[in-house]
Amino acid sequence: MNKEIVHSGVITGMDGNKIRIHIEQQSACSTCHSRSVCMASDMKGKEVFVENDGGNYQIGETVELLGRTSTGLLAVLLAFVIPFLLILLSLIVLQRVVTSEAVSALISLSLLMPYYLILSLFNKKLDKKLQFYIQKTGNNQMQF
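Since the model is a prediction, treat every value here as computed from it, not as a measurement.

A.B. asks: Quick question: what am I supposed to make of the overall build of the chain here?
C.D. replies: For the chain, the count of helices and strands is four helices and five strands. Helices and strands appear in the chain in the N-to-C order β-β-β-β-α-α-α-α-β. A buried classification covers 20% of the 144 residues belonging to the chain. Long-range pairs, those at least 24 residues apart, make up 66% of the contacts in the chain with a sequence separation of at least 6.

Rendered as structure tokens:
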């Protein structure tokens with residue numbers, strides 16, 4: 001069974017076949033009654049672009065942004081887990097080869113540049129894998 005990621009958002013723009021949706025990303029403590037005095041709570045706005053599925057959408061309309069959890073997991077893997085492992089493993093290897101810890105750290109961090117360059121070369125392929133869909137609020141039908 002494939003689970004879904006669901007966010008409520010507002011359409012802020014449309015450009016041809018692309019729809020721009022603004023979502024408020026909230027931390028887990030955003031529902032806490034003490035959040036107004038707590039520095040740990042945060043709320044960040046994000047802009048997400050999705051392809052128009054042929055629906056009749058309007059700017060200012062509230063919609064649901066839908067995606068598969070596998071999409072989110074792949075994004076986390078590519079953006080955080082693999083770079084972390086790349087830095088960690090290269091740092092371990094380089095500390096045995098290079099005598100300076102600072103040089104080892106700089107080389108390990110510089111390995112991120114080719115990694116993200118390679119990711120950017122596969123941008124179109126990743127866009128197809130990391131897709132979100134929209135539906136009007138209250139509509140329970142979703143197509144993948």
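A.B. asks: How should I be thinking about the environment of Val-103 in this particular structure?
C.D. replies: If you trace the backbone, Val-103 turns up in helix H2 (residues 101–110). Its relative accessible area of 36% is what places Val-103 among the partly exposed residues. C-alpha separation for the pair Val-103 and Leu-91, spaced 12 residues apart in sequence, amounts to 9.8 Å.

A.B. asks: Would you explain the nonpolar core in this entry?
C.D. replies: Side chains of nonpolar character tend, in soluble globular proteins, to be buried together. Listed in full, the 10 residues of the largest apolar core are Ile-11, Ile-19, Ile-21, Ile-23, Val-48, Val-50, Tyr-57, Val-63, Leu-65 and Ile-134. Of all elements in the fold, only strand S2 (18–26), strand S3 (43–51) and strand S4 (62–68) reach the threshold of two or more residues within this core. A total of three residues in this core trace back to one element, the largest contributor, which is S2. Leaving out residues up to four positions away in the same chain, Val-50 has contacts with Asn-17, Lys-18, Ile-19, Ile-21, Leu-65, Phe-132, Tyr-133 and Ile-134.

A.B. asks: How do you make sense of the environment of Glu-64 when you look at a structure like this?
C.D. replies: Positionally, Glu-64 belongs in strand S4. Taking the C-alpha atoms as reference, Glu-64 lies 5.4 Å from Gln-135; in sequence the two are 71 residues apart. There is a polar contact of 2.8 Å between the side chain of Glu-64 and the side chain of Gln-135.

A.B. asks: Whenever I open this one, the side chain of Ser-90 confuses me. Can you help?
C.D. replies: Among the structural elements, Ser-90 can be located in helix H1 (residues 69–97). Its relative accessible area of 11% is what places Ser-90 among the buried residues.

A.B. asks: Just checking my understanding: could you explain the environment of Pro-83 for this structure?
C.D. replies: Assignment of secondary structure puts Pro-83 in helix H1. Of the residues examined, Pro-83 reaches a relative accessible area of 5% and is grouped as buried. Considering only alpha carbons, one finds Pro-83 and Leu-111, 28 residues apart in sequence, at a separation of 8.8 Å. The contact partners of Pro-83, leaving out residues within four places of it in the chain, are Leu-77, Leu-78, Leu-112, Tyr-115 and Tyr-116.

A.B. asks: How should I be thinking about the packing of aromatic side chains in this particular structure?
C.D. replies: Two aromatic rings are characterised by how far apart their centres lie and by the angle between their planes. Within the structure shown, the criterion is met by one aromatic pair. With 5.1 Å between their ring centres and 75° between their planes, Tyr-115 and Tyr-116 make a pair best called edge-to-face. Of the residues examined, Tyr-115 reaches a relative accessible area of 14% and is grouped as buried. Here Tyr-116 falls in the partly exposed class, since its relative accessible area comes to 35%.

Reading the values: rules and limits
Once a new chain begins, its residue numbering starts again from 1 and follows that chain's sequence as written. Totals for whole chains, interfaces and linings use all residues, but because this is a predicted model, local features are given only for residues with pLDDT of at least 70 and pairs of side-chain atoms are given and counted only at 80 or more. For the side-chain quantities, the full set of heavy atoms in the structure was used; hydrogens and water were omitted. Counting from the N terminus, the helices are the DSSP runs of H or I reaching at least four residues and the strands are the DSSP runs of E reaching at least two. Relative accessibility thresholds used throughout: buried, under 20% of the residue-type maximum; exposed, over 50%; partly exposed, between the two (1.4 Å probe, protein chains only). Residues are treated as being in contact if the distance between any of their heavy atoms lies within 4.5 Å. Among buried residues, those of type Ala, Val, Leu, Ile, Met, Phe, Trp, Tyr and Cys that are joined through side-chain atoms within 4.5 Å constitute a nonpolar core. Under this definition, polar contacts are N or O atom pairs within 3.5 Å; protein pairs additionally need one hydrogen-donor-capable and one acceptor-capable atom, and for neighbouring residues in sequence, both atoms have to be side-chain atoms. In this scheme Phe, Tyr and Trp rings, the latter by its six-membered ring, pair at centre separations within 6.5 Å, and the angle between planes marks the pair as stacked below 30 degrees, edge-to-face above 60, and tilted otherwise.

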